[in-house]
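Survey of secondary and tertiary structure
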Amino acid sequence: MVTDQLSATFAALADPTRRAILSRLTSGATSVTELAEPHDMSLPAISKHLRVLERSGLIERGREAQWRPCRLKAKPMKEAVDWLENYRRHWEESLDRLDAYLQELQQKAPERKPRKVSARRPTVR
């Protein structure tokens, strides 16, 4: 069972169908039927995906008369991006240090002169 928000967010984002649903919801509130259209699966299967997204806090489902719209809630994704940002900075700093080191090595390396190739023919025995 997923207990913390970050784990719930990443677990929900792990599935390509759920990522496609979230992508569709960036355009605005959408019904379950509309969300199911591009997928080759039943409405109950889509509903299961929606429950995972809802439990993770990535979407909310409402009720407007007969229409039950789903809406994107981006706050959990922002928290995931903030968490990932620390690692991006770490790798950028590491790569910057590697780049500086390689440039230092290139400056210290003695310049090589191209070898002259003689036009002599090899002897045949």
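Look up: the structure comes first, before these words.
What this report covers is the structure whose coordinates are included nearby. Please read all numbers here as calculations on a predicted model, not as lab measurements.

**Here we look at the pairing of strand β3 (residues 69-72)**
Two strands pair when backbone bridges link them, and strand β1 (residues 30-31) and β3 are joined in this way by two bridges, in the antiparallel orientation. Pairing of Ser31 across the sheet is with Pro69, part of β3. In the sheet, strand β2 (residues 59-61) pairs with β3 via three bridges, with the strands oriented antiparallel. Residue Glu60 lies in a different strand from β3, and its bridge partner there is Arg71.

**Here we look at helix α2 (residues 16-25)**
Listing the buried residues of α2 in full gives Thr17, Arg18, Ile21, Leu22 and Leu25. Down the axis of α2, the sector holding all buried residues measures 140 degrees, keeping them to one side. Two or three places before Thr17, at the opening of α2, Asp15 has a side-chain oxygen 2.8 Å from that residue's backbone nitrogen.

**A closer look at the side chain of Thr17**
Along the chain, the position of Thr17 falls in helix α2. For Thr17, a relative accessible area of 14% gives the class buried. Setting aside residues up to four positions removed in sequence, Thr17 forms contacts with His39, Met41, Ile46 and His49.

**Side note on the sheet that holds β2**
Think of a sheet as strands paired side by side through backbone hydrogen bonds, with each pair either parallel or antiparallel. Sheet architecture is open: three strands sit in the order β1-β3-β2, paired in antiparallel fashion. Each edge of the open sheet is held by one strand with a lone partner, namely β1 and β2. Here α2 sits on the sheet in contact with β1, β2 and β3, set at roughly 90 degrees to β3.

**Things to note about helix α1 (residues 5-13)**
By the burial criterion, the buried members of α1 are Ala8, Thr9, Ala12 and Leu13. Down the axis of α1, the smallest arc covering the buried residues is 125 degrees, so these residues share one side. Summarising the contacts, the buried residues of α1 are in contact with α2, α4 (43-55) and α5 (75-108).

**A short note on the pattern of salt bridges**
The full count for this structure, using the stated rule, is seven salt bridges. Among the salt bridges present, the one from Glu79 reaches Lys75, with a minimum N-O distance of 3.5 Å. Of this pair, Glu79 and Lys75 are both found in helix α5, four residues apart, which corresponds to roughly one turn of the helix. By relative accessible area, Lys75 is classed as exposed at 61%. Taken together, the shared-partner salt bridges connect Glu85, Arg88, Arg89 and Glu92 into one network.

**Here we look at the packing of α2 against α4**
At a minimum axis separation of 10 Å, α2 and α4 run at an interaxial angle of 75 degrees. Overall, the two elements α2 and α4 adopt an arrangement that is roughly perpendicular. Residues Thr17, Arg18, Ile21 and Leu22 of α2 form the contact with α4, whose own contacting residues are Ile46, His49, Leu50, Val52 and Leu53. Here the contact of α2 with α4 is composed, by residue class, of six nonpolar, two polar and one charged.

Cut-offs used in this document
- Sequence order as written defines residue numbering, which begins from 1 separately in each chain.
- Note on the predicted model: pLDDT of at least 70 is required for a residue's local features to be given, and 80 or more for side-chain atom pairs to be given and counted; whole-chain, interface and lining totals, by contrast, use all residues.
- Only heavy atoms go into the side-chain values, all of them from the structure, while hydrogens and water stay out.
- For two strands to count as paired, DSSP must find a minimum of two bridges between them.
- Strands here are runs of E lasting at least two residues and helices are runs of H or I lasting at least four, both read from the DSSP assignment and numbered beginning at the N terminus.
- Buried, partly exposed and exposed residues are distinguished by accessible area as a fraction of the type maximum, computed with a 1.4 Å probe on protein chains only: under 20%, between the cut-offs, and over 50%, respectively.
- Note: the arc covers the axis-to-C-beta directions of the helix.
- Two N or O atoms form a polar contact when they lie within 3.5 Å of each other; inside protein one atom must be a possible hydrogen donor and the other a possible acceptor, and for residues adjacent in sequence the pair counts only when both atoms belong to side chains.
- Note on contacts: a residue pair is in contact if any heavy atoms of the two residues lie within 4.5 Å.
- Note on method: axes are straight lines fitted to C-alpha atoms, helices fitted across the in-contact stretch only, with angles between N-to-C directions ranging 0 to 180 degrees.
- Just to be clear on terms, a salt bridge is a Lys or Arg side-chain nitrogen sitting within 4 Å of an Asp or Glu carboxyl oxygen.
- Each angle receives one of four descriptions, namely roughly parallel if under 35 degrees, roughly antiparallel if over 145, roughly perpendicular if within 65 to 115, and oblique otherwise.
- Each residue receives one of three labels: charged for Asp, Glu, Lys and Arg, nonpolar for Ala, Val, Leu, Ile, Met, Phe, Trp, Tyr, Cys and Pro, and polar for the others, Gly being one of them.

Honestly, that's just the spatial picture; any functional story needs more than this.
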